[in-house]
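Residues per chain, in single letters:
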Amino acid sequence: MSGENHVKKTAVFLALILGLTGMCSRASASPKVAKIGFALSMTGAAAAYGETQKNGSRLAIDEINARAGQEGIKITPVFEDDASQPQQGVNVFNRLLFADKVVIIIGPTLSNTAQVADRIAQGAGAPVLGISNTAKGITDIGDYIFRDSLTEMQVIPNTIRVVEKRFGIKKVALLYGNDDAFTKGGYDAFKKALGDSHIQILTEQSFAKGDRDFSAQLTEIRSLQPDALVVSALVEEASGIVSQARQLGIPASVPIIGGNGFNSPSLIKNAGKASENVIVGAAWNESSSNPLNQGFVRAYTAKFGAPPDQFAAQAYAAVYIVLDALKRAGSTDNRKALREALTRVGGLDTVLGKFSFTKGRDADYAPVVETVKDGAFTVFGQ
Ligand code: 1QQ
């Protein structure tokens, strides 16, 4: 080998090594860490929702972190239990915002908690992404408050339209919880949708969170012979109402129609056979052919041993919505930049479908009507 050739070869070799190390150091440049707070109801009246929300979030975070931060971002979650109580929600928000210094809070589970706790984040200039807040007015708290959950006002008119078309109902009984932002909001939405469809409300009955015996209300309702029973309740009370309605002889031919509180498989578990044919307005369905959704259902079922519910899907989607915004925010700890980036989420592919926020930072996608068939939620209509 001539001396000149040798020099050339050495130069090429060195260039190769330098190039490779350069590439390696770029690939292994450590991803930035985003600290995300989760305020979820792991105990109390909404624990059935909180559990699957935590699972859905966990799955998304594990997927993102397992890609070794390919997006340049890894997520460190801080999970807190808001105990389904507004005051505990406030405590948890304070801790996440001022001690843990998270860049965003996902949650809280209940609108009843969000309507007080979200104000703390708004005041601190920290974004919140609600995943199951369906009461009116939550995002009106301020420009840092977002949600990926459809409101009852968005879902229920469709539910009533589909049900009316199918059953031709003319007169109904309305039963609702009168001490919770969500159950009252659902009541308002049902009342308006029924009025718009010229369906008569024979009676309005109410109950309180924690009630176990609904026989007085249901006996009155039975005596009026409604075409359907319309209920706005969280799942604990919904399960009792559905079971007792059938026990007290409201016939199976009288459909029971529920709002978002009914969307948990624990309704089916608790009310058993009485839950068959219950009709629910929903924001997601397991059988959606969207390939992202199919992959999610498979991965979730493999990890947790049971299929996801709507609450898991909305939580899973939320983590990816935040990731999308973080990538554009140029920082993983700038709350203001993250808020701005969230407003620009547009047509993002998620398990909920193509996702964008409305100008008012609410979700915007098509609701669905589901019914319980053979112990599972299935699509009833759209
Ligand atoms: C709300 C709801 C509940 C059913 C959440 C789990 O929709 O509180 O807004």
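Everything below is about the structure shown above.
In short, a report on the structure.

Considerations on the sheet that holds strand β7 (residues 200–207)
- Spatial strand order, β7-β6-β8-β9-β10-β13-β14: seven strands in an open sheet with mixed pairing. Since the sheet does not close on itself, it has two edges, and those belong to β7 and β14 (376–381), each with one partner. Within the sheet, the average angular offset between the axes of one strand and its neighbour, ignoring direction, is 25°.
- Judged from the three bridges that link them, strand β8 (residues 228–232) and strand β9 (residues 256–258) form a sheet pairing that is parallel. Pairing of Val-230 across the sheet is with Ile-257, part of β9.
- Across the sheet, helix α7 (residues 215–223) is in contact with β6 (171–177), β7 and β8; its angle to β7 comes to roughly 170°.

Structural notes on the side chain of Gln-217
- Relative to the assigned elements, Gln-217 resides in helix α7.
- A relative accessible area of 11% places Gln-217 in the buried class.
- The contacts of Gln-217, once residues within four sequence positions are left out, are Leu-175, Gln-205, Ser-206 and Phe-207.

Structural notes on the pairing of strand β13 (residues 368–373)
- Of all six residues that make up β13, five are buried, and the element is covered over most of its length.
- Relative to β13, strand β10 (residues 279–282) runs antiparallel, the two sharing four bridges. Bridge assignment links Gly-281 to a residue of β13, and that residue is Val-369.
- Linking β13 to β14, which pair antiparallel, is a turn of two residues; within it Asp-374 sits at a positive phi near 50°.

Thoughts on the site of the ligand
- In the vicinity of the ligand lie 13 residues, with Ser-111, Ser-132, Thr-134, Phe-182 and Asn-260 positioned nearest.
- Within the side chain of Asn-260, a nitrogen or oxygen atom sits 2.9 Å from an oxygen atom of the ligand.
- If the ligand stood free it would expose 280 Å²; the protein chains cover 100% of that surface.
- Mapping the shell around the ligand onto the domain boundaries places at least three of its residues in each of domain 1 (32–150 + 288–365) and domain 2 (153–282).

Thoughts on unusual backbone geometry
- Geometrically, the link from Gly-107 to Pro-108 is a cis peptide bond, its omega value of -10° lying close to zero.
- Mapped onto the elements of the fold, Pro-108 is located in the loop between β3 (104–106) and α4 (111–124).
- A positive phi angle is found at Gln-225, which is not glycine, with a value near 50°.
- Mapped onto the fold, Gln-225 is located in the loop between α7 and β8.
- Here Gln-225 falls in the exposed class, since its relative accessible area comes to 61%.

Some thoughts on the pattern of salt bridges
- For the coordinates displayed, the defined rule picks out 13 salt bridges.
- A salt bridge links Arg-67 to Glu-71, with the nearest nitrogen and oxygen atoms 2.8 Å apart.
- In this structure Arg-67 comes out as partly exposed when scored by relative accessible area, which is 28%.
- Glu-71 gets classed as partly exposed once you look at its relative accessible area, which sits at 24%.
- When the shortest N-O distance is used, the salt bridge between Arg-95 and Glu-80 registers 3.0 Å. With Arg-95 in helix α3 (residues 86–99) and Glu-80 in strand β2 (residues 73–81), this residue pair connects regions lying 15 residues apart in the sequence.
- On the basis of relative accessibility, which here comes to 18%, the residue Glu-80 falls in the buried class.

Here we look at the environment of Ala-325
- For Ala-325, the position within the fold is in helix α11 (residues 310–329).
- Ala-325 gets classed as buried once you look at its relative accessible area, which sits at 0%.
- A C-alpha to C-alpha distance of 5.2 Å links Ala-325 and Leu-342, two positions 17 residues apart in sequence.
- Excluding anything up to four places from it in sequence, Ala-325 contacts Leu-338, Ala-341, Leu-342 and Val-345.

What about α3?
- In this model α3 runs 19 Å from its N-terminal to its C-terminal C-alpha over 14 residues, within 8% of the 20 Å that 1.5 Å per residue would give.
- Looking only at α3, the buried set comprises Gly-89, Val-90, Val-92, Phe-93, Leu-96 and Leu-97.
- If you follow the buried residues of α3, they end up packed against β1 (32–40), β2, β3, α4, β4 (128–130) and α12 (335–343).
- Just past α3, the residue Lys-101 takes up positive phi, approximately 55°.

Details of the pairing of β1
- Relative to β2, β1 runs parallel, the two being bridged by nine bridges. By the bridge assignment, Ile-36 is partnered in β2 with Pro-77.
- Each parallel crossover has a hand, and for β1 linked through helix α2 (residues 47–66) to β2 it is right-handed.
- In the sheet, β1 pairs with β3 via three bridges, with the strands oriented parallel. Bridging from a neighbouring strand, Gly-37 pairs with Ile-105 of β3.

The rules we used
- Residues numbered from 1 in each chain as written.
- Predicted model: local features only at pLDDT ≥ 70, side-chain atom pairs only at ≥ 80, totals over all residues.
- Heavy atoms only, no water.
- Pairing = 2+ DSSP bridges.
- Helix = DSSP H or I, 4+ residues; strand = E, 2+ residues; numbered from the N terminus.
- Axes fitted to C-alpha atoms, helices over the stretch in contact; angles between N-to-C directions.
- Contact = heavy atoms within 4.5 Å.
- Buried < 20%, exposed > 50% of the residue type's maximum accessible area, 1.4 Å probe, protein only.
- Near = heavy atom within 4 Å.
- Polar contact = N/O pair within 3.5 Å; in protein donor to acceptor, adjacent residues only side chain to side chain.
- Areas by Shrake-Rupley, 256 points an atom, 1.4 Å probe, with all protein chains shown as cover.
- Domains from an automatic or database assignment.
- Salt bridge = Lys/Arg side-chain N within 4 Å of Asp/Glu carboxyl O.
- Expected span 1.5 Å × (residues − 1).
- Right-handed = clockwise from strand over helix to strand, strands pointing away.

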